[in-house]
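# Reading the structure
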Amino acid sequence: MARKRKRKSRRRQEGRKILELVPQYNIESGEDKPVTAARKYIHAIGIQPPALLIVRRNEHTTDRYFWAEKGLFGAQYVEENHFLFPSLKEYQPQVPKAQTKTPAVTG
């Protein structure tokens with residue numbers, strides 16, 4: 001019997017494309033938990049938001065975090081809710097507005 005494919009969320013795919021455009025930093029977590037390592041790195045380097053931090057826990061596992069003005073968020077949450085983050089507005093593709101027809105004035 002064929003397996004049913006999982007439906008991909010358009011909103012999350014759009015968020016993933018936007019996050020690909022944001023500056024990314026790859027770090028190792030070392031002895032710290034991944035979120036602690038990310039916070040220490042942000043403060044040590046002085047990273048300005050928005051930024052994506054990819055933290056290697058071990059050779060198999062990586063965690064992704066998004067550094068925003070509001071704080072540090074999981075990247076998956078940001079992918080799904082990218083419209084809530086004002087700093088990502090400049091990375092969103094511009095949608096052309098539909099031109100409104102104005103009635104011609106004859107005189």
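Calculation notes
- Residues numbered from 1 in each chain as written.
- Predicted model: local features only at pLDDT ≥ 70, side-chain atom pairs only at ≥ 80, totals over all residues.
- Heavy atoms only, no water.
- Helix = DSSP H or I, 4+ residues; strand = E, 2+ residues; numbered from the N terminus.
- Buried < 20%, exposed > 50% of the residue type's maximum accessible area, 1.4 Å probe, protein only.
- Contact = heavy atoms within 4.5 Å.
- Areas by Shrake-Rupley, 256 points an atom, 1.4 Å probe, with all protein chains shown as cover.
- Patch = residues over 30% accessible without salt bridge, like charges linked within 9 Å, V, L, I, M, F, W, Y side chains within 5 Å.
- Salt bridge = Lys/Arg side-chain N within 4 Å of Asp/Glu carboxyl O.
- Pairing = 2+ DSSP bridges.
- Axes fitted to C-alpha atoms, helices over the stretch in contact; angles between N-to-C directions.
- Phe/Tyr/Trp six-rings, centres within 6.5 Å; stacked < 30°, edge-to-face > 60°.
- Right-handed = clockwise from strand over helix to strand, strands pointing away.

Attention shifts here to the overall build of the protein. Across its full length, the protein holds 3 helices and 4 strands. Along the protein, from the amino end to the carboxyl end, the secondary structure elements read α-β-α-β-β-β-α. Expressed as a percentage of the 107 residues in the protein, the buried residues total 32%. Of all intrachain contacts in the protein linking residues separated by at least 6 positions in sequence, the fraction that spans at least 24 positions is 47%. Counting every atom, the protein has about 8700 Å² of accessible surface; 50% of that belongs to carbon and sulfur.

A separate point is a nonpolar patch on the surface. On the surface, Tyr 77, Phe 83 and Leu 84 cluster together to form a nonpolar patch covering roughly 270 Å² of accessible area. Examined against the element boundaries, Leu 84 turns out to sit in the segment after helix H3 (75-80). Overall, the relative accessible area of 40% leaves Leu 84 in the partly exposed class.

Turning next to the sheet that holds strand S4 (residues 71-74). Taken together, 4 strands build an open sheet; the order of strands is S1-S2-S3-S4 and the sheet is mixed. Of all the strands in the sheet, just strand S1 (24-28) and S4 have a single pairing partner and so form its edges. For this sheet the average axis-to-axis angle between neighbouring strands, irrespective of direction, equals 30 degrees. With 4 bridges joining them, strand S3 (residues 62-68) and S4 adopt antiparallel strand pairing. Bridge assignment links Trp 67 to a residue of S4, and that residue is Leu 72.

Taken as a whole and judged by the stated rule, the model has 5 aromatic pairs. An angle of 15 degrees between the planes, with centres 6.0 Å apart, marks the rings of Phe 73 and Tyr 77 as stacked. A relative accessible area of 22% means that Phe 73 is categorised as partly exposed. A relative accessible area of 40% places Tyr 77 in the partly exposed class.

Of all 6 residues in strand S2 (residues 51-56), 5 are buried, a share of seventy percent or more. Pairing analysis gives 5 bridges linking S1 to S2, with the strands arranged parallel. Following the sheet pairing, Glu 28 is matched in S2 by Arg 56. Taken together, S1, helix H2 (residues 34-45) and S2 constitute a β-α-β crossover, and its handedness is right-handed. Direction of pairing for S2 relative to S3: antiparallel, over a ladder of 6 bridges. Paired with Arg 56 across the strands is Thr 62, a residue of S3. The turn joining S2 and S3, which pair antiparallel and follow one another in sequence, is formed by 5 residues.

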